[in-house]
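So you can see what is in the structure, the chains are spelled out below.
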Amino acid sequence: MRKQLGKILVEEGLISASQLDTALMQQSNSGMRLASQCLELGFAEEADLARALSRQQGFPFVVLSQSVIPLEVMKAIPIHEAIRLRALSVFRDKKNLVVAFADPNDNHQIDEVKFISGERIIEHGALLGPLQKTTDKFYKLNKDNQNTFIVGDQVAAGASWPDGGICEIVHFSEPHRPPTTHMDPSLVPTMEVLLSNQDVDKSADESQKTSHPPKQPTILVVDDDESLRHMLCKFLNKSGYRVSEAADGRIALGKLQTSLPDAILLDAMLPGVHGFNICRLIKSAQSTRHIPVIMITAIYRSEEYKEKVRLLYGANAYIEKPLKLNHLKLILENCLATSSHPHSHKEISSMAAKMLQSANQAIEQNDLSKATQ
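Residues numbered from 1 in each chain as written. Predicted model: local features only at pLDDT ≥ 70, side-chain atom pairs only at ≥ 80, totals over all residues. Heavy atoms only, no water.

Asker: Quick question: what am I supposed to make of the nonpolar core here?
Answerer: Considering soluble globular proteins, one finds that nonpolar side chains tend to be buried as a cluster. By size, the foremost hydrophobic cluster in this structure holds 53 residues, and its most contacted members are Val90, Val99, Val113, Val222, Ile264, Leu266 and Met295. A total of five residues in this core trace back to one element, the largest contributor, which is strand S4 (residues 96–101). With near-sequence residues (within four places) excluded, Ile264 lies in contact with Leu220, Val222, Leu256, Ile282, Ile291, Pro292, Val293 and Ile294. Core analysis: the second largest hydrophobic core is formed by 22 residues, Ala35, Ala44, Ala52 and Leu53 among them. (Core = buried A, V, L, I, M, F, W, Y, C linked by side-chain atoms within 4.5 Å. Buried < 20%, exposed > 50% of the residue type's maximum accessible area, 1.4 Å probe, protein only. Helix = DSSP H or I, 4+ residues; strand = E, 2+ residues; numbered from the N terminus. Contact = heavy atoms within 4.5 Å.)

Following this line, the structure appears as structure tokens:
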């Protein structure tokens, strides 16, 4: 049974009980949704309300006031359909269109957007108030035939962004804090620097030569549930694997700086750094993208949703709790069998040197776009 949003807001400390009473009273007169009513009253920020809705509904939510969306991306859904369906396309990669819905659980609306756009859809949520406000901006800019960006109200004046814009996203398990998740390529070099230092590859190579027999891969188990984590470690040890464990995302990232596992079992709902974000960063970094990542979640979703998670975040597999250990073992074996061989530190250094040389040449030619890429 879905928990009431008001209770979540109070539990998270986003609003007080008296503010909830005021918002509910105002809501009965205005007919607005509770989150949008709290936003209008100034009781909470959009990012915090979006995170609470994400926790309630089990979908990632887009923070539109902190996003920069190309107008061309939004045109994937005609303006009159965007208004009718309360849906906006906010980001596009080579294969997928990320669409923010006021009702991300409405399968009928999602199917309509799939039909209208003719694209593969990954549904996210958005607060109705900011979504309607962004739609109004879209209508005005589209009417004036301006080829530009929809810029959120909280985006810093004079800020720059990549050609694909910035889509600010929060997830259902993130605690109350400023959002950090961007669909922004600038995150990838940061993670690459973090993960592809010399100590990582040196320790990995030495461990393969000495302490890690070829038939005994190392599995990193990342889960904040101590009893489940210990149960998984015990099961994997009995199954012939070496095991390393981490209680949250930051500890996991720290471990990746000192040694690289052969596979990662990664809980989606983590404190600190969110599991989906860790997966995306691991799969973006040259030194770690070869590592199979199996996402684990307590939120049930369809096979279609699992496929979207794999496409959007790069996970090799996606399974639900409660876990069936033999099924998990089979998935792990398949992932290890099909994983690609990692690049050595020497190979990574050589590739990095070539990329740096290309960037310097592009700068000399005043081609900043190529240099950034």
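Asker: Explain the pattern of salt bridges here, please?
Answerer: Two side chains of opposite charge can pair, provided their charged atoms sit close to one another. Evaluation of the coordinates by the stated rule reveals twelve salt bridges. The closest approach of N and O atoms between Glu112 and Arg84, which form a salt bridge, is 2.6 Å. Of the two residues, Glu112 is situated in helix H7 (residues 107–117) and Arg84 in helix H6 (residues 79–85); the sequence distance between them amounts to 28 residues. Overlapping salt bridges, with partners in common, bring together Glu11, Glu12 and Arg55 in one network. (Salt bridge = Lys/Arg side-chain N within 4 Å of Asp/Glu carboxyl O.)

Asker: In this structure, what is going on with the environment of Pro261? I would like to understand it.
Answerer: Residue placement: Pro261 occurs in the loop between helix H12 (249–258) and strand S11 (263–267). The buried category is assigned to Pro261, whose relative accessible area is 8%. Taking C-alpha positions, Pro261 is 8.1 Å from Ser244, a pair spaced 17 residues apart along the chain. Apart from the residues within four sequence positions on either side, Pro261 is in contact with Thr218, Leu220, Leu256 and Ile291.

Asker: Explain helix H3 (residues 34–41) here, please?
Answerer: An α-helical segment advances 3.6 residues per turn. Residues three or four places apart therefore align on the same side. Every buried residue of H3 is accounted for by Leu34, Ala35, Ser36, Gln37 and Cys38. On its buried side, H3 packs onto helix H1 (5–11), helix H2 (17–30), helix H4 (46–57) and helix H8 (128–143). Looking one or two places after H3, you find Gly42, whose phi comes out positive at around 80°.

Asker: What should I look at first to understand the environment of Gly240 in this one?
Answerer: When you line up the elements, Gly240 lands in the loop between helix H11 (226–238) and strand S10 (242–246). The partly exposed category is assigned to Gly240, whose relative accessible area is 30%. C-alpha of Gly240 to C-alpha of Gln216: the two residues are 24 residues apart in sequence and 6.2 Å apart in space.

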